[in-house]
2 protein chains.
Amino acid sequence: MLTFVGLGLYDERSITIEGRDVLNKADRVFAEFYTSKLAGATTADVEAFHGVDIEVRDREGTERDPDPILDAARGSDAAFLVAGDPMISTTHVDLRLRAVDRGIDTQVVHGTTAQTAASSLTGLQNYRFGKATTLPFAYGSDNVPESVLTTIANNRERGLHTLCYLDIDAEREAYMSVDDAARRLAGALDSTGTADAVSDVSDTTDADGDGAGVDFDADGNTLAVAIARAGSSAPVIRADRLSALAEDDFGEPLHLLVIPGDLHYAEAETLRTLAGAPTDLLPS
Amino acid sequence: MLTFVGLGLYDERSITIEGRDVLNKADRVFAEFYTSKLAGATTADVEAFHGVDIEVRDREGTERDPDPILDAARGSDAAFLVAGDPMISTTHVDLRLRAVDRGIDTQVVHGTTAQTAASSLTGLQNYRFGKATTLPFAYGSDNVPESVLTTIANNRERGLHTLCYLDIDAEREAYMSVDDAARRLAGALDSTGTADAVSDVSDTTDADGDGAGVDFDADGNTLAVAIARAGSSAPVIRADRLSALAEDDFGEPLHLLVIPGDLHYAEAETLRTLAGAPTDLLPS
């Protein structure tokens, strides 16, 4: 049996009881931390807390040479640990299909995710989020890919919120900060070229006709919500203009950014009360 | 301190270790099961497993008379348990805002959710889901609200997957089955009136021009994925035509339905291998 176990959002206690039981029962425990990693715990922390030995595999050792993992899962119990939910990345789906192909039973133990936390911590309703997107590292450039802006614009056209994952290079221990992301997005929406790319849809942002739509603003006035350390005991949530978020420091990773669409009354109230959203950016 | 704790997806072991620790430390433990409930455990199961007494509140006792909960959270530790993630419903957000308003510290311990599981169990990538929707009970009618069809059509226009939550009436212990949902959706897409409602966008379903778009089919030929008992140790995942899913029996709740948009190669391969999707419905 090969069981994929989600470690959840933040540290060694973010795993479910069911996941912990799988860990304790497994003959061998593998993990990969190249697609994502726990911000609040090291591998040693997880090993010590749960009393298990973890064999960490790099990308090469998971994708090119999966045989040791598959062999361990044949006839005995192997667990494969991943931060968040285990099947978010196609690399794990691929490993699961290989196992099924060899007649090995597989199972998934779910973990808590940034997607859920982004909705839960901000009060923005989960069924009012559109497609999510990822802001990638620009490595020297401040460009924002057109696909990111298009996703945000398409969602806003329908009044929907957008969750922006911020790039992680887990192998280099590099995490994009939300102030950096806010600065780049404010800049992209301000630049003529990129603003053109979304102008077709931003003209109809208030397509649902409820009057709550807000067009992109060329001065970084767009309301956004910064989330830092979701899943920890002290996450930081702050709603403000992109230009203001760009000036703040949100501390340790991981960070997330949400660009709200239309706000219902309860959502606006939550952003004001829990995230300090400026009243002039909220529907009256 | 008032801590909102997500019980997670399925039973008494779906809670995180962090959530369990909050339960054990709390002076009083409240719960509500009117917005959602654990399909695989009773309140007594949760109490026995975790060694706590749970005071279950109905809607009236949470929304109209929250004072006992708020009083318990002032000066001592109260936990408020909810199936899934605790902030999915606005009713909990409202309770949190009332607590903040009274100067009571609040905290959220996240739980695993259907949203994550729908992506994880099907292999459909989480960033390729659009807005989610809920198919409500029709109580005698087989109608599907136009808003549900519009959401599905809008997502498909962009090649995005749609997660359809199926209505729960937790107080009556009524759960919509996925075969029922598939039958209703197949019928709605077949009926002239509702098909008209989505025809504008279904004409441009393949808007991304990759050739993988599939228009709604008037014979219930639309590919859909049924999910039963997500979060349990033996969830059922089956991909087939809506008309075929309508003829099947998926057993105990909870059920979910996913209407895929365009399928990437790895997604199609996963639906074929893990969910038995008919090859003629997959992109070649």
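The structure we're discussing is the one just above.
Residues numbered from 1 in each chain as written. Chains lettered and ligands numbered in written order. Predicted model: local features only at pLDDT ≥ 70, side-chain atom pairs only at ≥ 80, totals over all residues. Heavy atoms only, no water.

> Before we go on, may I ask you to explain the interface of chain A and chain B in this structure?
Size of an interface: often given as the accessible area lost when the parts come together. Across the contact, 48 residues belong to chain A and 48 residues belong to chain B. Where chain A abuts chain B, roughly 4500 Å² becomes buried across the two surfaces, and 57% of that area is made up of carbon and sulfur atoms. For chain A, the biggest contributors to the area lost against chain B are A:Arg13, A:Ile17 and A:His110; these three give 14% of the whole. Counting every contact that joins chain A to chain B gives 4 salt bridges. (Contact = heavy atoms within 4.5 Å. Buried area = accessible area lost by both parts, 1.4 Å probe. Salt bridge = Lys/Arg side-chain N within 4 Å of Asp/Glu carboxyl O.)

> Mind showing me how you'd approach the relation of the copies chain A and chain B here?
Both copies of the chain are placed relative to one another by a rotation about an axis and a shift along it. With an RMSD of 0.0 Å, chain A superimposes on chain B once it is rotated by 180° and translated 0.0 Å along the axis. Expressed as an axis order, the relation between the two copies is that of a two-fold axis. Among all residues of chain A, the minimum C-alpha distance to the rotation axis is found for A:Thr16, at 1.9 Å. When the interface residues of chain A are mapped onto chain B, 100% of them again lie at the interface, so the same face is used by both copies. (Least-squares fit on C-alpha atoms with pLDDT ≥ 70 in both.)

> Hey, could you run me through the packing of helix H5 (residues 90-101) of chain A against helix H11 (residues 265-275) of chain B in this one?
If you want to describe how two helices pack, look at the angle between their axes and the distance between the axes. Between H5(A) and H11(B), the least distance of the axes is 11 Å, while the angle of their chain directions is 40°. Remark: the crossing between H5(A) and H11(B) carries left-handed chirality. For the pair H5(A) and H11(B), contact is made by A:Val93, A:Arg96, A:Leu97 and A:Val100 and by B:Glu269, B:Thr270, B:Thr273 and B:Leu274, respectively. Each residue belonging to the contact of H5(A) with H11(B) can be placed in one class, and the counts come to 4 nonpolar, 2 polar and 2 charged. (Axes fitted to C-alpha atoms, helices over the stretch in contact; angles between N-to-C directions. Helix = DSSP H or I, 4+ residues; strand = E, 2+ residues; numbered from the N terminus. Left-handed = near helix turned anticlockwise from the far one by under 90°. Nonpolar A, V, L, I, M, F, W, Y, C, P; charged D, E, K, R; others polar.)

> Looking at this structure, I do not really get the pairing of strand S7 (residues 162-166) of chain A. What am I missing?
Residue and element names in this part refer to chain A. Taken across its 5 residues, S7 has 5 buried, putting it largely inside the fold. Of the two faces of S7, the one carrying Thr162, Cys164 and Leu166 and the one carrying Leu163 and Tyr165 are both buried. Sheet topology note: the strand S6 (residues 133-135)/S7 ladder contains 3 bridges and is parallel. By the bridge assignment, Leu135 is partnered in S7 with Leu166. (Buried < 20%, exposed > 50% of the residue type's maximum accessible area, 1.4 Å probe, protein only. Pairing = 2+ DSSP bridges.)

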